[in-house]
Amino acid sequence: MSKHARHLRGLTIATLVFFLAGLALTFFYAPDDVNQGFAQKIFYIHVPLAIVSLCGYVLGGVFGVIHLRTRERIWDLRSYTAIHMSLIFSVGGLLSGAIWAKVAWGHWWVWSEPTLVSYLIVVLLFCTYQPLRFSIEDPERQSMYASVFSVVAGAFVPLNFLIVRLSEAFVHPRVLNLEGGTLPGSMALAFYVMVIAVALLFATLMKFEMLAKETRGQTRRLRRKLLGDDAVAPVGRSAAPL
Amino acid sequence: MPLIAAGQPTDFVSLHTAVKYVAGAYIVVFAIILIYLGIMAWRLANNQRELAELHKLVEERDAEVPEREQEPAL
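Residues numbered from 1 in each chain as written. Chains lettered and ligands numbered in written order. Predicted model: local features only at pLDDT ≥ 70, side-chain atom pairs only at ≥ 80, totals over all residues. Heavy atoms only, no water.

### Quick word on the overall build of chain B
For chain B, the count of helices and strands is one helix and zero strands. In chain B, buried positions account for 20% of the 74 residues. Entry remark: accessible area of chain B is about 5,600 Å², with carbon and sulfur atoms responsible for 64%. (Helix = DSSP H or I, 4+ residues; strand = E, 2+ residues; numbered from the N terminus. Buried < 20%, exposed > 50% of the residue type's maximum accessible area, 1.4 Å probe, protein only. Areas by Shrake-Rupley, 256 points an atom, 1.4 Å probe, with all protein chains shown as cover.)

Shown next as structure tokens:
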């Protein structure tokens, strides 16, 4: 059994259980917010998505460091998958945030809000990761350059987060802070369960994607072995590690 | 003063409007995840089809080998 397939079933079940529990707590246990009313329920999905995606970018950078140290391709694949999944989660975070902003502020997007704009900058920075990979044909150079990018961009994420926090403390509603957050008990429980659920979803999908890529590679190798090189279509230029 | 606190709902936006936006946000997020899973499932189906093809080929080759072994040597 592939090491990517290990624990995948357990992880999937845990993700489903936490998601169902999180949604139940969000809608049936946590009270409505005193200022925002029912619309605040968006926070229980929007904030975990944003947090997990930012952690995913940092994780991609950590995997990039390990790849640069060990030169093992598996770490490049992990770095690529973490950033890939983070981008998908970021799209969800941005769209759910825009919907919340429409309810709360009457606008889909507010350019003067530092947290929103800084998050968008991080997402746009990581959007260049795949074109960067695609622009380099040699797989060895591609993985090395991509790892360097992931490390630099990954280091930018906490820096960017800190700068915004230090400069504008009260513009964006703060769900978490260094004193333990502003959420009362019942809301905090629902929120943290949703954070765990989204983190588990991230881990499950990441494992799923790595397993799919590994299986695809094995099928190609098997085809080449059985039918010869001519039977396998050339891979062509790809952003994904092969 | 906490910016978010539990309490009685106010008329910040009407419940009817809020429900539409909350449903919209959750639907968008789950749609993104479902689209991703759909793409992955499509790739998986392609891979399974290719594997089945290779499996069939291996079986055909295995069946051919005993036939050749049975042929009398010239």
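Back to the text.
### Here's the deal with the interface of chain B and chain A
Contact residues are listed per partner, giving 36 residues for chain B and 52 residues for chain A. In total, about 3,900 Å² of surface goes out of reach between chain B and chain A, with carbon and sulfur atoms giving 73% of it. At the boundary of chain B with chain A, the tally comes to three salt bridges. Applying the counting criterion to the chain B and chain A interface returns six residue pairs in polar contact (both at pLDDT 80 or more). By residue class, the composition of the side of chain B that touches chain A is 27 nonpolar, five polar and four charged. (Contact = heavy atoms within 4.5 Å. Buried area = accessible area lost by both parts, 1.4 Å probe. Salt bridge = Lys/Arg side-chain N within 4 Å of Asp/Glu carboxyl O. Polar contact = N/O pair within 3.5 Å; in protein donor to acceptor, adjacent residues only side chain to side chain. Nonpolar A, V, L, I, M, F, W, Y, C, P; charged D, E, K, R; others polar.)

### A short note on the environment of His67(A)
Residue and element names in this part refer to chain A. Inspection of the secondary structure puts His67 in helix H2 (residues 43–70). Assessed through its relative accessible area of 1%, His67 is described here as buried. Put simply, His67 and Leu77 are 10 residues apart on the chain and 9.2 Å apart in space, counted from C-alpha to C-alpha. Apart from the residues lying within four places of it in its own chain, the contact partners of His67 are Glu72, Arg73, Trp75, Asp76, Ser143, Met144 and Ser147.

### With respect to unusual backbone geometry
Residues and elements named next belong to chain A. Even without a glycine there, the phi angle at Arg71 is positive, about 65 degrees. With respect to the helices and strands, the residue Arg71 is situated in the loop between H2 and helix H3 (73–105). Here Arg71 falls in the exposed class, since its relative accessible area comes to 52%.

### Side note on H3(A)
If you check H3(A), its first and last C-alpha atoms are 46 Å apart, about what 33 residues at 1.5 Å a residue would give, namely 48 Å. With its phi angle positive at about 85 degrees, Gly106(A) sits one or two positions after the end of H3(A). (Expected span 1.5 Å × (residues − 1).)

### Section: the environment of Val123(A)
Residues and elements named next belong to chain A. Checked against the element boundaries, Val123 lands in helix H4 (residues 114–127). Residues Val123 and Ser86, 37 residues apart in the sequence, show an inter-C-alpha distance of 8.9 Å. For Val123, the contacting residues outside a window of four places in its chain are Tyr57, Leu87, Ser90 and Leu94.

### Description of the nonpolar core
Counting 49 residues, the largest nonpolar core has Tyr44(A), Ile45(A), Met85(A) and Phe89(A) as the members making the most contacts within it. Among the elements of the structure, helix H1 (8–29), H2, H3 and helix H7 (185–227) of chain A together with helix H1 (15–70) of chain B are those that each provide at least two residues to this core. At 14 residues, H7(A) tops the list of elements feeding residues into this core. The contacts of Met85(A), once residues within four sequence positions are left out, are Phe202(A), Leu205(A), Met206(A), Glu209(A) and Tyr36(B). (Core = buried A, V, L, I, M, F, W, Y, C linked by side-chain atoms within 4.5 Å.)

### Points about the pattern of salt bridges
A pair can form between side chains of opposite charge whenever their charged atoms are brought close. Throughout the structure, instances matching the rule amount to six salt bridges over all chains. Close ionic contact of Arg216(A) with Glu50(B) constitutes a salt bridge, the shortest N to O distance being 2.9 Å. In this pair, Arg216(A) is assigned in helix H7 and Glu50(B) in helix H1, connecting two distinct chains. Given a relative accessible area of 33%, Arg216(A) falls into the partly exposed group. Of the charged contacts, one joins Glu50(B) and Arg223(A) as a salt bridge, the two residues approaching to 3.7 Å between their closest N and O atoms. One end of the pair, Glu50(B), is in helix H1; the other, Arg223(A), is in helix H7, on a second chain.

### Side note on helix H6 (residues 139–167) of chain A
Residue and element names in this part refer to chain A. For H6, spanning 29 residues, the distance from its first C-alpha to its last is 41 Å, which sits close to the expected 42 Å at 1.5 Å a residue. Within H6, burial applies to Gln142, Ser143, Met144, Ala146, Ser147, Phe149, Ser150, Ala153, Gly154, Val157, Asn160 and Val164. Close packing links the buried residues of H6 with H2, H3, H4 and helix H5 (129–135).

### So, a nonpolar patch on the surface
Residue and element names in this part refer to chain A. On the surface, a nonpolar cluster with roughly 330 Å² of combined accessible area is contributed by Ile13, Val17, Phe18 and Ile196. The biggest single contributor to the nonpolar patch is H1, with three residues. Along the chain, the position of Ile13 falls in helix H1. (Patch = residues over 30% accessible without salt bridge, like charges linked within 9 Å, V, L, I, M, F, W, Y side chains within 5 Å.)

### A few points about the packing of aromatic side chains
Residue and element names in this part refer to chain A. For the structure on display, the rule yields 14 aromatic pairs over all chains. Where Trp109 meets Trp111, the ring centres are 5.6 Å apart and the plane angle is 65 degrees; that geometry is what we call edge-to-face. The class for Trp111 is exposed, based on a relative accessible area of 62%. Here the aromatic cluster, defined as three or more aromatic residues joined through ring pairs, consists of Tyr57, Tyr80, Phe126, Tyr129 and Phe149. Directly above the ring of Trp75 sits Arg78, whose terminal nitrogen or CZ lies 4.6 Å from the centroid. (Phe/Tyr/Trp six-rings, centres within 6.5 Å; stacked < 30°, edge-to-face > 60°. Lys NZ or Arg CZ within 6 Å of the ring centre and 35° of its normal.)

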